[in-house]
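# Summary of structural features
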Amino acid sequence: MASPSRRLQTKPVITCLKSVLLTYTFVFWVSGIVLLAVGVWGRVSLAVYFSLLDEKATNVPFVLVGAGVVVVLLGTFGCFATCRGSTWMLKLYAMLLSLIFLIVLVAAVVGFVFRHEIKTNFESNLNLALKNYNVTADQHSEAVDTIQRTLRCCGVQNYSDWEKTDYFAQRGIPRSCCKSQDDCSVEDLRDPNKAKLKVFVDGCFFLVTSTMESKMSVVAGISFGIACFQLVGIILACCLSQYITNNQYEMV
């Protein structure tokens, strides 16, 4: 057993570590709430875009919600372990943080490696959605209309992609491509030469993928930041556990 003077000297260190770890855990807990919010927002607001991606991509919001729940629960456990000063709880907390650290890194690497596959998949699904486009407001047709209105684009590569579809032979280019709904008649939409002056000419694929690419570095930076942030928690939990073990100090 450590001498009373030694224990007295290390008590401020342990108290300081405890305070820092509690602060860290609170921030970590808040990040879980943020993940939950982003997941719910993505499920509600971006569902129409996910419908044009691979089926696995539609699970992204649910993954974020699940990750948020795990982080909130782990943050709660971390607060309890820190307040109790339990060495085995702190070690378990550090191990779970390490596991999440590895998962975040793997997810970031997988997303970066398969980014081109995601782009190719989106392009093929967007082409298929144009080919099967109809006015019955099915999920894919609604997604095409939403993307064209929101991004102010038309077709995949450009507006002329619609000329290859069955819908164009019947009704021309969809009204979701129109620059102005008040100045875009059916006759204009059926004539490619007139339509060029009335609709958005740029394709949607380039706009979507360029946005994805511009955000890729931001996503990578955030992932790296989260990973480094978890390393701080791992180190703090391990240090506090080691100090308590070495000095046989029980915290109330």
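Here, every reference points to the structure presented above.
Residues numbered from 1 in each chain as written. Predicted model: local features only at pLDDT ≥ 70, side-chain atom pairs only at ≥ 80, totals over all residues. Heavy atoms only, no water.

### Quick word on the overall build of the protein chain
The secondary structure content of the protein chain amounts to 10 helices and zero strands. Moving toward the C terminus, one meets the helices and strands of the protein chain in the order α-α-α-α-α-α-α-α-α-α. Counting every position in the protein chain, which comprises 252 residues, the buried fraction comes to 35%. Considering only residue pairs separated by 6 or more positions, the protein chain has 71% of its internal contacts joining residues 24 or more positions apart. Surface summary for the protein chain: the accessible area is close to 14,600 Å², and the carbon and sulfur share equals 66%. (Helix = DSSP H or I, 4+ residues; strand = E, 2+ residues; numbered from the N terminus. Buried < 20%, exposed > 50% of the residue type's maximum accessible area, 1.4 Å probe, protein only. Contact = heavy atoms within 4.5 Å. Areas by Shrake-Rupley, 256 points an atom, 1.4 Å probe, with all protein chains shown as cover.)

### Let's talk about the side chain of Asp 188
By secondary structure assignment, the location of Asp 188 is in helix α8 (residues 186-190). Although buried, Asp 188 forms no salt bridge, and the nearest oppositely charged side chain, Lys 198, lies 4.2 Å from it. (Lys, Arg positive; Asp, Glu negative; His and termini not counted. Salt bridge = Lys/Arg side-chain N within 4 Å of Asp/Glu carboxyl O.)

### Notes on helix α6 (residues 139-151)
Between its terminal C-alpha atoms α6 stretches 18 Å, which fits the 18 Å expected from 13 residues at 1.5 Å a residue. Listing the buried residues of α6 in full gives Ser 141, Ala 143, Val 144, Asp 145, Ile 147 and Gln 148. Looking at the residues trailing α6, positive phi occurs at Arg 152, about 55°. (Expected span 1.5 Å × (residues − 1).)

### Re the state of the cysteines
A complete count under the given rule lists three disulfides for this structure. The partner cysteine of Cys 178 in its disulfide is Cys 184, sulfur to sulfur 2.0 Å. The chirality of the disulfide connecting Cys 178 with Cys 184 is left-handed, given an S-S dihedral of about -65°. Of the two residues, Cys 178 and Cys 184, neither departs from the other in class, the shared state being buried. Cysteine pairing for the protein chain (bonded cysteines numbered in sequence order): 1-6, 2-3, 4-5. Here Cys 83 is not disulfide-linked; the sulfur of Cys 79 is the nearest cysteine sulfur, at 6.4 Å. (Disulfide = S-S within 2.5 Å.)

### Some points on the nonpolar core
Core analysis: the biggest nonpolar cluster contains 29 residues, and Phe 122, Leu 126, Trp 162 and Ile 173 have the highest contact counts within it. If you list the elements that add at least two residues to this core, you get α5 (115-131), α6, α7 (166-171) and α10 (204-247). Ranked by residue count, the leading element in this core is α5, at four residues. In contact with Trp 162, other than residues within four places in its own chain, are Leu 130, Tyr 133, Val 144, Gln 148, Cys 154, Gly 155, Phe 168, Ile 173, Pro 174 and Cys 177. Counting 22 residues, the second largest nonpolar core, distinct from the first, contains Val 71, Met 89, Val 104 and Ile 234. (Core = buried A, V, L, I, M, F, W, Y, C linked by side-chain atoms within 4.5 Å.)

### Describing the environment of Val 70
Checked against the element boundaries, Val 70 lands in helix α3 (residues 60-84). Distance in space between the C-alpha atoms of Val 70 and Ile 100 is 9.4 Å, their sequence separation being 30 residues.

### Brief notes about the packing of aromatic side chains
Aromatic rings considered in pairs are described by the distance between their centres and by the relative angle of their planes. Across all of its chains, the model carries five aromatic pairs by this definition. Aromatic pair Tyr 133 and Trp 162: ring centres 5.0 Å apart, planes at 80°, arrangement edge-to-face. Of this pair, Tyr 133 sits in the loop between α5 and α6 while Trp 162 sits in the loop between α6 and α7, and the two are 29 residues apart along the sequence. Residue Tyr 133 is classed as buried on the basis of its relative accessible area of 10%. Plain terms: the ring middles of Tyr 133 and Tyr 167 are 4.8 Å apart, the flat faces sit at 85° to each other, and that makes the pair edge-to-face. Pair noted here: Tyr 133 is in the loop between α5 and α6 and Tyr 167 is in helix α7, with a separation of 34 residues, a long-range link. Judged by its relative accessible area of 11%, Tyr 167 falls in the buried class. An aromatic cluster is built from Tyr 133, Trp 162 and Tyr 167, whose rings are joined through pairwise contacts. (Phe/Tyr/Trp six-rings, centres within 6.5 Å; stacked < 30°, edge-to-face > 60°.)

### Description of the pattern of salt bridges
Tallied over the entire structure, the rule returns two salt bridges. Here Lys 164 ties to Asp 161 by a salt bridge, and the two come within 3.9 Å at their closest N and O atoms. Residue classification places Lys 164 among the exposed positions, given a relative accessible area of 70%. One salt bridge connects Asp 183 with Lys 198, and the closest N-O pair in it is separated by 3.0 Å. Of this pair, Asp 183 sits in the loop between α7 and α8 while Lys 198 sits in helix α9 (residues 192-198), and the two are 15 residues apart along the sequence. Given a relative accessible area of 21%, Lys 198 falls into the partly exposed group.

### Topic: unusual backbone geometry
Its identity as a non-glycine residue notwithstanding, Arg 152 has a phi of 55°, on the positive side. By the element assignment, Arg 152 lies in the loop between α6 and α7.

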